[in-house]
Amino acid sequence: MQYQAAAESWGAYASLGGRMDPLERVERLAAESAVVIFSVSTCCMCHAVKRLFRGMGVSPTVYELDEDPRGKDMERALAHLLGATGGPPAVPVVFIGGKLVGAMDRVMASHINGTLVPLLKEAGALWL
C-alpha cells in the first residue's frame with residue numbers, strides 16, 4: 001500500500017537547520033494537507049488507521065516518525081497535544097483540515113458515530 005509522500009516537508013524542516021520547535025513543526029505539517037497521520041511504521045494501530053482512510057478513498061499524508069531523526073521529539077509533542085503522560089506511544093495521531101482529531105480511539109469513535117465523513121468532506125479529502 002502506498003501513501004502520499006511526505007518527504008518534501010521533512011526537507012523544508014531540515015533546511016531550517018532543525019531550529020523549529022517540535023510542537024510548531026507538528027502544527028505546521030498538520031496544516032499542509034487535508035488529512036495528516038503521524039505514525040510509526042511498525043505500529044499495528046497506525047497501519048489500521050491508514051487502512052481505514054485508504055478504504056474510504058482518502059489519500060492521507062503520512063509522517064513515519066521512526067524514519068525521521070527528530071521523530072522522538074515530535075512524538076513527545078504529539079503526546080503533549082493528546083494530554084498523554086507516559087504509557088504507550090502517542091501514535092497514530094490524526095489531523096483533519098489542520099485540526100487535531102486524536103488517536104485511534106477518537107478516529108474510530110468518529111467513524112462509528114458518523115461524524116468522520118462530514119469532517120473529511122469539510123476538509124476536502126472526500127467528495128461523496
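Residues numbered from 1 in each chain as written. Predicted model: local features only at pLDDT ≥ 70, side-chain atom pairs only at ≥ 80, totals over all residues. Heavy atoms only, no water.

(A) Main features of the sheet that holds strand S3 (residues 93-96). Strand order in this open sheet of 4 strands is S2-S1-S3-S4, and the pairing throughout is mixed. Two strands bound the open sheet, and with one partner strand each, they are strand S2 (61-64) and strand S4 (99-102). Between one strand axis and the next, the sheet turns by 25 degrees as a mean value, whatever way the strands run. For strand S1 (residues 35-39) and S3, the ladder comprises 4 bridges, and the chain directions are antiparallel. By the bridge assignment, isoleucine 37 is partnered in S3 with valine 94. Each of S1, S2 and S3 touches helix H2 (residues 22-30); the most contacted strand, S1, lies at about 140 degrees to it. Lying over the sheet, helix H5 (residues 104-113) contacts S3 and S4, oriented at roughly 90 degrees with respect to S4. (Pairing = 2+ DSSP bridges. Helix = DSSP H or I, 4+ residues; strand = E, 2+ residues; numbered from the N terminus. Axes fitted to C-alpha atoms, helices over the stretch in contact; angles between N-to-C directions. Contact = heavy atoms within 4.5 Å.)

(B) The confidence of the model for the protein, seen in detail. Mean pLDDT for the protein: 86, with 81% of residues reaching 70 or above. Note that residues 1-5 has pLDDT below 50 and, in this model, 13 contacts with residues that lie over four places away or in other chains. When the criterion is pLDDT under 50, residues 7-17 qualifies, and its contacts beyond four places in sequence or with other chains add up to 17 contacts. (pLDDT = per-residue confidence, 0-100.)

(C) Highlighting the packing of helix H3 (residues 44-55) against H5. Axis separation between H3 and H5 bottoms out at 11 Å; the angle between their running directions is 30 degrees. In terms of orientation, H3 and H5 fall into the roughly parallel class. For the pair H3 and H5, the crossing hand works out as left-handed. Taking contact as the criterion, the partners of Met45, Ala48, Val49, Leu52 and Phe53 in H3 are, on H5, Met104, Val107, Met108 and His111. (Parallel < 35°, antiparallel > 145°, perpendicular 65-115°, else oblique. Left-handed = near helix turned anticlockwise from the far one by under 90°.)

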